[in-house]
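Summary of the model geometry
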Amino acid sequence: MKLSQFGQKLTSQSGIVSLMEDLGHALNVNPELLFLGGGNPARIPEFEAEVAKHLAGIIDKPDGINKLVGVYQSPKGSEVFIEALVSYIRKQLGWNISAANVATTNGSQSAFFILLNILAGRQEGDSVAKKIVFPMMPEYLGYSDQTSEHELFRSFLPHIEHIDATRFKYKVDFNALALNEQDAALCVSRPTNPTGNVLTNEELLRLSSIAKQQGVPFIIDCAYGDPFPGMVYNREHIHFDSDNLYVISCSKLGMPGVRAGIIIGPEQIIEKVVNVNTVMSLANGNLGPCLMTSLINNGDLVGLCQNTLQPFYRSRRDFAVSCVDKYFAGLPYLLHQPEGAFFLWLWFPKLSISSTELYERMKKKGVLIMDGSHFFFGIDEGWNHAQQCIRLTYCQSEQVIDEGIRLIAEELKNL
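These lines cover the structure that appears in this document, whether it is placed above or below. Quantities reported herein were computed from a predicted structural model and do not represent experimental measurements.

Geometrically, the link from Arg-190 to Pro-191 is a cis peptide bond, its omega value of -5° lying close to zero. Among the secondary structure elements, Pro-191 is positioned in the loop between strand E7 (183-189) and helix H7 (201-214). The omega torsion across Asp-226 and Pro-227 is 0°, close enough to zero to call that bond cis. On the secondary structure map, Pro-227 appears in the loop between strand E8 (218-221) and strand E9 (245-249).

What follows is the structure, given as structure tokens:
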């Protein structure tokens, strides 16, 4: 069977496919693996109990089951959910938005598939394909295989700031960053997956200004940050601009299985997203919007984020960092300043093998980590740094985190 170029592009092996295969194997087939890879949120009993309470409340209503499984949503999503969401965001963040600025999708991955493909690629009359610009690598690997054409990304290397002997931070190199007429949009994640980096509002304002000057959208992936779950440890709320596009996920609250994503942006782009999403999916699933509507309207979402999720991840982050500093003592390592999300990003500047080989070695030892090389894409020149980094998650138990990091350190010492 011969495939179209589109088919060949999307069916080839990719970083995100490997990531999800490992995640599914560790969570569903072989739970004995020490799972420090993947992006699955932590299992938090208090959160699960709250979700169970709200789910029971939905089902107990006379039309609850029908609303949950028996009806299609409107093309842009549940009107009741969107109304509740708009009210929540206006109250909590002060964003001046209306229902016309919101569309829902079956997960934020689907949201990005739509956005990247309606913006990037060949436009009518163009001989050169438009590209999505990432101002600072590394970035979320899930973007890299989403476009229907090859080589639709253009990325910039970061400025590396050394904080002390074992800590560093990536920063946007604004001296190098420049857009041109072949660029279709600017895109960042905040907090950043994989590094836990949090772009400041000053940096966001500068990036937004650059995008406006070029007349292209600025896309901000908010999966781990505002408006929920708010895993930004300095608690700086995100800068809002009505011209920007904000992509939000319900997954990182602790509900990856409901596949509920949200796009907030200019009305004319939201209308186009809705049209594509209807062709792709017909309608969105009901479970996520139903649960989120209940959590918002009952006033429970704010407390869950501030009093349950954020303290849990902050505590787990501090424990994981202490394990790194304990077991890696004496090794040449650098840890990216963990400012948000739920990842640690480690750089081994004297690593004698590639990060890909280190990933394979640790897998054989029963420890799943994330090969950092997947998070560098759209870069023309080779960069050794891209094969010297790994990503770890601290969503597992303290026992798994401690033992996994100990085994990584043991392997590095052997090398």
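Attention now goes to the pattern of salt bridges. Taken as a whole and judged by the stated rule, the model has 18 salt bridges. With a closest N to O distance of 2.7 Å, Arg-167 and Asp-325 form a salt bridge. Of this pair, Arg-167 sits in strand E6 (residues 167-171) while Asp-325 sits in helix H10 (residues 301-327), and the two are 158 residues apart along the sequence. The exposure class assigned to Asp-325 is partly exposed, which follows from its relative accessible area of 29%. Taking the shortest distance from any N to any O, the salt bridge between Lys-212 and Asp-241 comes out at 3.2 Å. Taken as a pair, Lys-212 in helix H7 and Asp-241 in the loop between E8 and E9 lie far apart in primary sequence, 29 residues in all.

All right, on to the sheet that holds E9 then. Pairing within the open sheet is mixed, and its seven strands lie in the order E2-E10-E9-E8-E7-E3-E4. Across the chains shown, the open sheet's two edge strands, defined by having one partner strand only, are strand E2 (102-105) and strand E4 (153-155). Here the average twist between neighbouring strands, direction ignored, is 25°. Both E2 and strand E10 (residues 261-264) contribute to a ladder of four bridges, which runs antiparallel. Each residue of the ladder has a partner; that of Thr-104, found in E10, is Ile-262. Set on the sheet, helix H6 (residues 108-119) makes contact with E2, strand E3 (131-134), E4, E7, E8, E9 and E10; between it and E9 the angle comes to about 155°. Helix H8 (residues 267-281) contacts E2, E9 and E10 of the sheet and is inclined by roughly 25° relative to E2.

About the cut-offs
Residues numbered from 1 in each chain as written. Predicted model: local features only at pLDDT ≥ 70, side-chain atom pairs only at ≥ 80, totals over all residues. Heavy atoms only, no water. Helix = DSSP H or I, 4+ residues; strand = E, 2+ residues; numbered from the N terminus. Salt bridge = Lys/Arg side-chain N within 4 Å of Asp/Glu carboxyl O. Buried < 20%, exposed > 50% of the residue type's maximum accessible area, 1.4 Å probe, protein only. Pairing = 2+ DSSP bridges. Axes fitted to C-alpha atoms, helices over the stretch in contact; angles between N-to-C directions. Contact = heavy atoms within 4.5 Å.

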